[in-house]
Each structure stands twice: as structure tokens, then as C-alpha cells.
Amino acid sequence: MDPIQYRSSDELKALSKLEDKKNKRLADQLRKMKEPAVDQLFHPLHGEAFQQFDCLVCANCCKTISPIVTEKDIDRLARHFRMKPSAFIDQYLHIDCDKDYVFNQAPCPFLMPDNYCMAYESRPKACREYPHTDRRNMRQILKLTLKNCEVCPIVHGIISELKK
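Residues numbered from 1 in each chain as written. Predicted model: local features only at pLDDT ≥ 70, side-chain atom pairs only at ≥ 80, totals over all residues. Heavy atoms only, no water.

Turning our attention to the overall build of the chain. When helices and strands are counted, the chain shows 10 helices and 2 strands. Along its sequence from the N terminus, the chain presents helices and strands in the succession α-α-α-α-α-α-α-β-β-α-α-α. Relative to the globule expectation of 15 Å for 164 residues, the C-alpha radius of gyration of the chain, 17 Å, shows essentially globular dimensions. By its C-alpha atoms, the chain is 50 × 30 × 25 Å across when sized along the principal axes. Excluding contacts between residues fewer than 6 apart, the proportion of contacts in the chain whose partners are at least 24 apart in sequence is 69%. Here the chain has roughly 10000 Å² of accessible surface; of this, 52% comes from carbon and sulfur atoms. Each charge sign in the chain was given a centre, from 27 positive and 23 negative side chains, and these centres are 4 Å apart. (Helix = DSSP H or I, 4+ residues; strand = E, 2+ residues; numbered from the N terminus. Rg over C-alpha atoms; globule rule 2.2 N^0.38 Å. Contact = heavy atoms within 4.5 Å. Areas by Shrake-Rupley, 256 points an atom, 1.4 Å probe, with all protein chains shown as cover. Lys, Arg positive; Asp, Glu negative; His and termini not counted. Charge placed at Lys NZ, Arg CZ, Asp CG, Glu CD.)

And the structure:
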């Protein structure tokens, strides 16, 4: 795998737009494969990518997108900040068009200037699992994976490697 370099989300969006047809072609090919085979392509590249890239250099995900925040996440975060869940919701969350709780703002309210998360141990499940390239059944989330190419250098690197 080529070395993964930091790119801003603006740079990644522009690159993804240029590569859109090739990325969609790759996704179409992957959808034709059996699920375990798709996972076997992604998972080693995920491990390799995380060995060579430090997310603290980037934090594009925390700066630009808001994760879905579940009831369990709300309870855990409210405990972390010693708040009642209802107060946490009032202060930090709103319901989006898909009827999910998301943060009121981007960047994430818990992102510190050094790109560390002040609620790291209690962060939402979606943050824990991001960028989702080590999930089982990767074939089912190919659309999300291509969207994440616009934000995450790791996802962009994995997709670039798969296109070779």
C-alpha cells in the first residue's frame, strides 16, 4: 500500500469527485463478489493503513461530520460529563432528517485544538468504529465507504489500493 498522506476534507472531496467513475466501477465489482471475499480485501488494508497513519494528524472526521448518537451513547456521554441525559441532549444534540440524534455543530464539540477528544473513552459508537473499513459485511456499506473517501485519508488510501 502506498503511504497514506494527510489531506484536508476539501482536497479529498475534490479527489473523490475526479475519481468518482472509477470508484463507482470498483463498488460495482465488489457488489458482485461474495461477502467474505470483500471483507478479505478490506480488512488487511485497514490494518496496514492504521499502522502507517496517525488519525491525530488529521481529525477530518471530527471536524466535518457528525456521527449518529444512540441512546446508549447519550447515557455514556452524559455520565462522562456528569450531566443528566436530557441536559446533554439539550446542550449538544438535535434530531436530523433521518430521525437520528447528531451533534449540533461541526467540528465536534469535544474536539480539542490538538485533535484529541475530550470524551475519547466515552465517545459514540459511530466514532469508535469510524471509518468502518474493518466491519464485517463491507459489501453492505460500500456507498458509505465511498462517501467516507471524501473525509478520511485512510478510506481514500484503501479504495485507491483496491483500484490497482
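Next, the rest of the story.
Below, the discussion takes up helix H10 (residues 153-163). Among the 11 residues of H10, 8 are classified as buried, and the element is accordingly described as predominantly covered. Along H10, the positions that sit buried rather than exposed are Pro153, Ile154, Val155, His156, Gly157, Ile158, Ile159 and Leu162. On its buried face, H10 is in contact with helix H1 (9-18), helix H2 (20-31), helix H3 (35-52), helix H4 (55-58), helix H5 (60-64) and helix H9 (142-148). (Buried < 20%, exposed > 50% of the residue type's maximum accessible area, 1.4 Å probe, protein only.)

Here Ala126 shows up in helix H8 (residues 125-129). Ala126 sits 23 residues away from Phe103 along the chain, and the two C-alpha atoms are 12 Å apart. Here Ala126 is in contact with Pro67, Ile68 and His132, once residues within four sequence places are set aside.

Within the span of helix H6 (residues 71-80), buried status applies to Asp73, Ile74, Leu77 and Ala78. Around the axis of H6, the buried residues are gathered within 125° of arc, so they sit on the same side. Looking at H6, the residues exposed on the side facing more than 90 degrees away from the buried face are Glu71, Lys72 and Arg79. Check the buried side of H6 and you find it contacts helix H7 (85-92), strand E1 (93-95), strand E2 (101-103) and H8. Among the residues trailing H6, Arg82 stands out with phi positive, at a value near 55°. (Arc of directions from axis to C-beta.)

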